[in-house]
Amino acid sequence: MHLIDVQTGLLANNDAAAAENREMLRRRGIYAVNVMSAPGAGKTSLLERLLPLLAARWRVAVIEGDIVGSADAERLAKLGLPVVQINTGNACHLDARMVHHAVHDVVHGPSDVLVFENVGNLVCPAEFDLGEDDAVMLLSVTEGHDKPKKYPLMFRRAGLLVVNKMDLLPMTDFSVGEAVSAARDVHPGLDVVRASCRTGEGIAEVAAWLERRIAVKRGAAASDAPPPASSSAEKG
Amino acid sequence: MHEAGIAQHLIEIAAQHLQRVPHGPVRRLNVRIGELAGVNPDSLDFAFECFAKGTELEGARLEVERVPLTVDCGACGGRTAVVDYVFRCGACGAEATRVATGRELEFVSMDTDEPSEEGVRAPD
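Keep in mind it's a predicted model, so treat the numbers as computed, not measured.

Bringing the overall build of chain A into the picture now. Secondary structure summary: chain A contains eight helices and eight strands in total. Relative to the compact-globule value of 18 Å for 236 residues, chain A shows a C-alpha radius of gyration of 18 Å, a close match. Dimensions of chain A, computed from the C-alpha atoms along their principal axes, are close to 65 × 60 × 35 Å. Split into buried and exposed, the 236 residues of chain A put 49% on the buried side. A fraction of 77% describes how many contacts in chain A between residues 6 or more apart in sequence connect residues 24 or more apart.

Here it is, written out as structure tokens:
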């Protein structure tokens with residue numbers, strides 16, 4: 001037998017593309033967040049509520065990932081923000097190469113914040129870095145509180161867990177306590193916001209969390225970052 | 001799932017390496033997959049078999065080494081095997097840990113027949 005040494009990461013090509021995306025975004029001081037969840041957990045609904053809050057202060061662009069179609073992009077375009085639709089075809093997640101051109105366009109346009117809405121899936125997107133600063137994941141109460149131990153990598157990746165559809169809680173056997181406890185077994189110290197995109201519960205908290213993260217990023221890139229969209233809208 | 005894309009990438013990497021060195025028929029590809037990696041070894045094996053057809057990897061076996069999930073403690077430095085995805089130091093109970101092993105998704109090596117074996121048959 002003859003041994004050929006390979007020693008290559010099987011995601012090395014994605015990781016390299018993600019590093020390029022991250023560097024492009026860093027140079028322009030653009031904060032990027034990757035929003036992930038199972039299908040139907042409420043990613044688009046959350047963004048419909050959340051983005052107007054962020055857009056009051058920042059120039060927000062969205063890269064929308066779906067296997068087929070543009071229904072979600074059309075919903076978000078109604079907010080008056082630039083939305084780039086990426087159809088992944090048969091792929092169950094966005095990857096760093098797929099979004100590369102769209103990220104390139106965003107960094108050459110007037111943007112402060114970039115939101116990736118990933119394909120609905122709790123497995124694959126967790127494995128593929130896009131070059132984002134943070135990952136936010138949604139878990140809706142109709143999915144069951146056992147999910148953190150079933151999809152641990154996703155809960156490890158997330159910086160913020162949004163427990164969504166809180167308005168439906170009385171109709172389910174979902175235990176928020178058990179879900180949060182399991183999520184914090186997997187990811188100690190994980191930030192959690194309880195939310196409902198129907199009632200508006202928690203949306204301001206999610207926006208505040210992102211504002212803090214944007215401030216950290218812009219603080220780090222203060223010298224070369226472009227000015228915010230409206231300097232008169234400084235937050236008090 | 002995304003095992004199909006990873007299997008295709010595995011075959012691309014293998015082809016690049018095989019181009020560079022003289023070799024006989026490829027018998028085995030050795031990969032390491034961590035417990036926390038979002039890849040199912042059986043799906044990867046199935047996808048590999050499909051995509052390897054008609055390439056020089058056809059008939060080669062995919063040997064998967066599973067790597068258990070462990071964390072290193074940020075406080076006491078001890079290593080803990082993670083059970084039931086509870087990420088906590090088993091020695092001092094600290095929550096500040098980092099994954100030591102279990103995230104691997106690596107193509108380690110290939111076993112081929114000796115390149116000098118002239119006229120060696122392709123694997124059945």
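On to the overall build of chain B. Tallying secondary structure elements over chain B gives two helices and six strands in all. Scanning chain B from its N terminus toward the C terminus, one meets helices and strands in the order α-β-α-β-β-β-β-β. For a compact globule of 124 residues, the expected C-alpha radius of gyration is about 14 Å, and chain B comes in at 19 Å, more than 25% above that figure. The C-alpha extent of chain B, read off along each of the three principal axes, is 60 × 30 × 20 Å. Of all 124 residues assigned to chain B, the portion counted as buried reaches 30%. Sequence separation of 24 or more characterises 72% of the internal contacts of chain B that already satisfy a separation of 6 or more.

All names here are of chain A. Counting buried residues in strand β2 (residues 31-37) gives seven out of seven residues, a clear majority hidden from the surface. Side chains of β2 alternate between two faces, with Tyr-31, Val-33, Val-35 and Ser-37 and Ala-32, Asn-34 and Met-36 buried alike. Bridging between β2 and strand β5 (residues 113-117) involves five bridges; their strand directions are parallel. When the sheet's bridge partners are listed, Tyr-31 is paired in β5 with Val-113. Across five bridges, β2 lies against strand β6 (residues 134-140) in parallel orientation. Paired with Ser-37 across the strands is Leu-138, a residue of β6.

Next up on the list: helix α2 (residues 43-55) of chain A. With 13 residues, α2 of chain A should cover 18 Å at 1.5 Å per step; its first-to-last C-alpha distance of 17 Å lies within 8% of that length. In α2 of chain A, a bend of some 30° at Arg-49 of chain A exceeds every other bend along the element, and Pro-52 of chain A, a proline, comes one to four places later.

Turning next to the interface of chain A and chain B. Many descriptions give the size of an interface as the accessible area lost when the pieces come together. Taken together, the 27 residues of chain A in the interface contact 30 residues of chain B. At the level of elements, β1 (2-9), α6 (152-157) and α7 (176-186) of chain A are the ones that each hand at least two residues to the side of chain A that touches chain B. The element contributing the most residues to the side of chain A that touches chain B is β1 of chain A, with eight residues. Pairing analysis gives six bridges linking β1 of chain A to strand β6 (residues 105-112) of chain B, with the strands arranged antiparallel. Directly across from Gly-9 of chain A, in β6 of chain B, lies its bridge partner Glu-106 of chain B.

Hydrogen bonding along the main chain pairs the strands of a sheet, whether they run parallel or antiparallel. Taken together, the four strands give an open sheet; going across it, the order is β1(A)-β6(B)-β1(B)-β2(B), and neighbouring strands pair in mixed fashion. The outermost strands of the open sheet, each flanked by one partner alone, are β1 of chain A together with β2 (61-67) of chain B. Direction aside, the axes of adjacent strands within the sheet are offset by 20° on average. Both strand β1 (residues 26-34) of chain B and β6 of chain B contribute to a ladder of seven bridges, which runs antiparallel. Bridged to Val-26 of chain B within β6 of chain B is Thr-112 of chain B.

All names here are of chain A. All buried positions along helix α4 (residues 100-107) are accounted for by Ala-102, Val-103, Val-106 and Val-107. Along α4, the residues classed as buried sweep out an arc of 135° about the axis, all on the same side. Residues of α4 that are buried in the fold lie against α1 (12-27), β3 (60-66), β4 (83-87) and β5.

So, about the sheet that holds strand β4 (residues 79-81) of chain B. Residues and elements named next belong to chain B. Strand order in the open sheet formed by three strands is β4-β3-β5, and the pairing between neighbours is antiparallel. Both outer strands of the open sheet, β4 and β5 (97-101), are each paired with one neighbouring strand and no more. Going from strand to strand, the sheet's axes swing by 35° on average, the running direction of each strand aside.

Attention now goes to the environment of Met-171 of chain A. Residue and element names in this part refer to chain A. Looking at the element boundaries, Met-171 is found in the loop between β7 (160-164) and α7. Take Met-171: there are 10 C-beta atoms within 10 Å of it, and that puts it in the exposed class. Considered as a pair, Met-171 and Thr-142 are 29 residues apart in the sequence and their alpha carbons are 8.8 Å apart.

What counts, and at which threshold
- Residues numbered from 1 in each chain as written.
- Chains lettered and ligands numbered in written order.
- Predicted model: local features only at pLDDT ≥ 70, side-chain atom pairs only at ≥ 80, totals over all residues.
- Helix = DSSP H or I, 4+ residues; strand = E, 2+ residues; numbered from the N terminus.
- Rg over C-alpha atoms; globule rule 2.2 N^0.38 Å.
- Buried ≥ 20, exposed ≤ 12 C-beta atoms within 10 Å, placed from the backbone.
- Contact = placed C-beta atoms within 7 Å.
- Pairing = 2+ DSSP bridges.
- Expected span 1.5 Å × (residues − 1).
- Bend = angle between axes of the 7 residues up to and from the residue.
- Axes fitted to C-alpha atoms, helices over the stretch in contact; angles between N-to-C directions.
- Arc of directions from axis to C-beta.

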